[in-house]
Amino acid sequence: MISGATSSDEELLESLLDGDVRGFDLLHARYERPLFAFIRRHHPQQQEAEDLLHETFLALLRDRAAARAATNLKAWLFQVARHLCLNRHRTQRRAAGALSDPAASRAPAAELHPERILLGTERQRALRAAIANLPLELAELWHLRIGGLSYEEMASVPAVPLGTVKSRMHGMVHRLREELLNDL
Amino acid sequence: MTCENMPPELLAFHLGAIDPASRGEVESHLLVCPACLRSYLALKRSLEEDDGTPAPSAAARERLRRAVVEELAVTRSTRWRWWERPLAFGLAATAALVALSAVRTVSSGPGAAPRTLGQPAAERVEHRG
């Protein structure tokens, strides 16, 4: 009997591939938000991001052999999402006939919920703005880390060495610190 | 590590982008300083909870779930039932054996030339002649 609290990703996947839609429901609940945030960093337009999220989850069924073979399903989902995002960028560049910088169309910093004063409103706003200003390469890592991936898992998504991930993470923290001017 | 120089370290600590020596200092300080621990927990909660990014729309969620259900239905209708695969293989094997047997029967019937091991074809013809 699968459960959102105790079943592993692989158990939920097997359940889904055996025809149980609850396996999908639980995987979807687990990864919809972090995947969507990751995708939106590439493609801020809501409709486009929804389409890409749609294709990411359907890959579980349409490429079931690869999903089954993945050593880490969470990282595999992010790999699929990234691959789809990059393909969409290429298609758009070809259509536009010019090199577009995805970072130039990044989403504005998210508005804070007024009822939530956890970190200090100004600090939180500054942090969100600094995150939104990260270049795409670092923003990807941010979303992967916040999405709960380990460094090893993060390295597998853009297929870079572990040392590169560590180096970029240090660079990101340094950049965020500078932007926040030590407010944190 | 003091309360004054903790704040810049908290983000790096949370992301794991901190050298081992500094991590040890932060951990030791958090164990003894409730104020810094509260700051760290507030940061962690802030980053890991809703960041205000819009969620997918209800229509998009519905469309995805419908697509998943349809994919599962297609898979179910084309998937072997538990008894179909062994039966299919059994029938195929039987058909192959029957075909092989028929070929052997035809090739060893009255019209077929006798087979002599080790004898080249030309000698066989001479013998018959």
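About the thresholds
- Residues numbered from 1 in each chain as written.
- Chains lettered and ligands numbered in written order.
- Predicted model: local features only at pLDDT ≥ 70, side-chain atom pairs only at ≥ 80, totals over all residues.
- Heavy atoms only, no water.
- Helix = DSSP H or I, 4+ residues; strand = E, 2+ residues; numbered from the N terminus.
- Contact = heavy atoms within 4.5 Å.
- Areas by Shrake-Rupley, 256 points an atom, 1.4 Å probe, with all protein chains shown as cover.
- Salt bridge = Lys/Arg side-chain N within 4 Å of Asp/Glu carboxyl O.
- Buried < 20%, exposed > 50% of the residue type's maximum accessible area, 1.4 Å probe, protein only.
- Patch = residues over 30% accessible without salt bridge, like charges linked within 9 Å, V, L, I, M, F, W, Y side chains within 5 Å.
- Core = buried A, V, L, I, M, F, W, Y, C linked by side-chain atoms within 4.5 Å.
- Buried area = accessible area lost by both parts, 1.4 Å probe.
- Polar contact = N/O pair within 3.5 Å; in protein donor to acceptor, adjacent residues only side chain to side chain.
- Nonpolar A, V, L, I, M, F, W, Y, C, P; charged D, E, K, R; others polar.
- Axes fitted to C-alpha atoms, helices over the stretch in contact; angles between N-to-C directions.
- Parallel < 35°, antiparallel > 145°, perpendicular 65-115°, else oblique.
- 1 Å grid on protein atoms, 1.4 Å probe; cavity = no way out; pocket = protein on both sides within 12 Å on 5 of 7 lines; lining within 4 Å.
- Points joined across faces, edges and corners; volume = space filled by probe spheres on them.
- Phe/Tyr/Trp six-rings, centres within 6.5 Å; stacked < 30°, edge-to-face > 60°.

Student: I'd like a description of the overall build of chain B, backed by residues and values.
Tutor: Counting secondary structure elements, chain B contains 6 helices and 0 strands. Contacts in chain B between residues at least 24 apart in sequence constitute 44% of all its contacts with a sequence separation of at least 6. Approximately 9000 Å² of chain B is accessible, and the part contributed by carbon and sulfur atoms is 61%.

Student: Explain the pattern of salt bridges to me, and be specific about the residues and the numbers.
Tutor: Applying the stated rule across the entire model yields 14 salt bridges over all chains. Between D9(A) and R30(A) there is a salt bridge, with the nearest N and O atoms lying 2.6 Å from each other. Of the two residues, D9(A) sits in helix α1 (residues 9-17) while R30(A) sits in helix α2 (residues 21-42), which places them 21 residues apart along the sequence. Its relative accessible area of 11% is what places D9(A) among the buried residues. Accessibility expressed as a relative area gives 25% for R30(A), which makes it partly exposed. Between E9(B) and R177(A) there is a salt bridge; the shortest N-O distance is 3.5 Å. In this pair, E9(B) is assigned in helix α1 (residues 7-15) and R177(A) in helix α9 (residues 162-180), connecting two distinct chains. Several salt bridges converge on common partners, so that one network encompasses E55(A), R62(A) and E71(B).

Student: An account of a nonpolar patch on the surface is needed here, citing residue identities and associated values.
Tutor: Together, W83(B), L87(B) and L91(B) make up a nonpolar patch on the protein surface, roughly 320 Å² of accessible area in all. Structurally, W83(B) is set in the loop between α4 (58-78) and α5 (84-107).

Student: Describe the nonpolar core, naming the residues involved and giving the relevant values.
Tutor: Core analysis: the biggest nonpolar cluster contains 71 residues, and L60(A), W76(A), W142(A), M169(A) and V68(B) have the highest contact counts within it. What W76(A) contacts, discounting residues up to four positions off in sequence, is A59(A), L60(A), D63(A), A66(A), A67(A) and A70(A).

Student: Please give an account of the interface of chain B and chain A that cites residues and values.
Tutor: Counting from both sides, the interface comprises 39 residues of chain B and, opposite them, 45 residues of chain A. Summed over both sides, the interface of chain B with chain A buries roughly 3700 Å², with 59% coming from carbon and sulfur. The tally of links from chain B across to chain A stands at 5 salt bridges. Where E32(A) meets R61(B), a salt bridge forms, and the shortest distance between an N and an O atom there is 2.6 Å. For the interface between chain B and chain A, the tally reads 10 residue pairs in polar contact (both at pLDDT 80 or more). Those elements that provide at least two residues to the side of chain B that touches chain A are α1, α3 (34-48) and α4 of chain B. Split by residue class, the side of chain B that touches chain A holds 19 nonpolar, 8 polar and 12 charged.

Student: Break down the packing of α2(A) against helix α7 (residues 136-146) of chain A for me, with residues and values.
Tutor: All names here are of chain A. Between α2 and α7, whose axes approach to 9 Å, the crossing angle comes to 175°. Between α2 and α7, the angle is such that the two are roughly antiparallel. Contacts from A37, F38, R41 and H42 of α2 reach α7 at L136, A139, E140, H143 and L144. Grouping the constituent residues of the contact of α2 with α7 by class yields 5 nonpolar, 2 polar and 2 charged.

Student: Tell me what's going on with the side chain of H29(B), and back it up with residues and numbers.
Tutor: Residue and element names in this part refer to chain B. Along the chain, H29 turns up in helix α2 (residues 20-32). Accessibility expressed as a relative area gives 11% for H29, which makes it buried. Beyond its immediate chain neighbours, meaning those up to four positions away, H29 contacts M1, T2, C3, M6 and C36.

Student: Go over empty space enclosed by the protein with me, naming the residues and quoting the values.
Tutor: Summed over the entire model, instances satisfying the criterion amount to 3 cavities of 30 Å³ or more. Each pocket or cavity is described by its volume, and for the largest cavity that value is around 60 Å³. Along its surface, the largest cavity is lined by H28(A), E32(A), E50(A), L53(A), H54(A), P56(B), A60(B), R61(B), R63(B) and L64(B). Of all elements in the fold, only α2 and α3 (46-62) of chain A together with α4 of chain B reach the threshold of two or more residues within the lining of the largest cavity. Considering each element in turn, the lining of the largest cavity owes the most residues, 4 residues, to α4(B). Residues belonging to the lining of the largest cavity are distributed by class as follows: 4 nonpolar, 2 polar and 4 charged.

Student: So what's going on with the packing of aromatic side chains? Residues and values would help.
Tutor: Residue and element names in this part refer to chain B. This structure, assessed with the given rule, holds 3 aromatic pairs over all chains. Here F13 and Y40 contribute two aromatic rings whose centre-to-centre distance is 5.3 Å and whose plane-to-plane angle is 65°, an arrangement assigned as edge-to-face. Of the two residues, F13 is situated in helix α1 and Y40 in helix α3; the sequence distance between them amounts to 27 residues. Each member of the pair F13 and Y40 is classed as buried.

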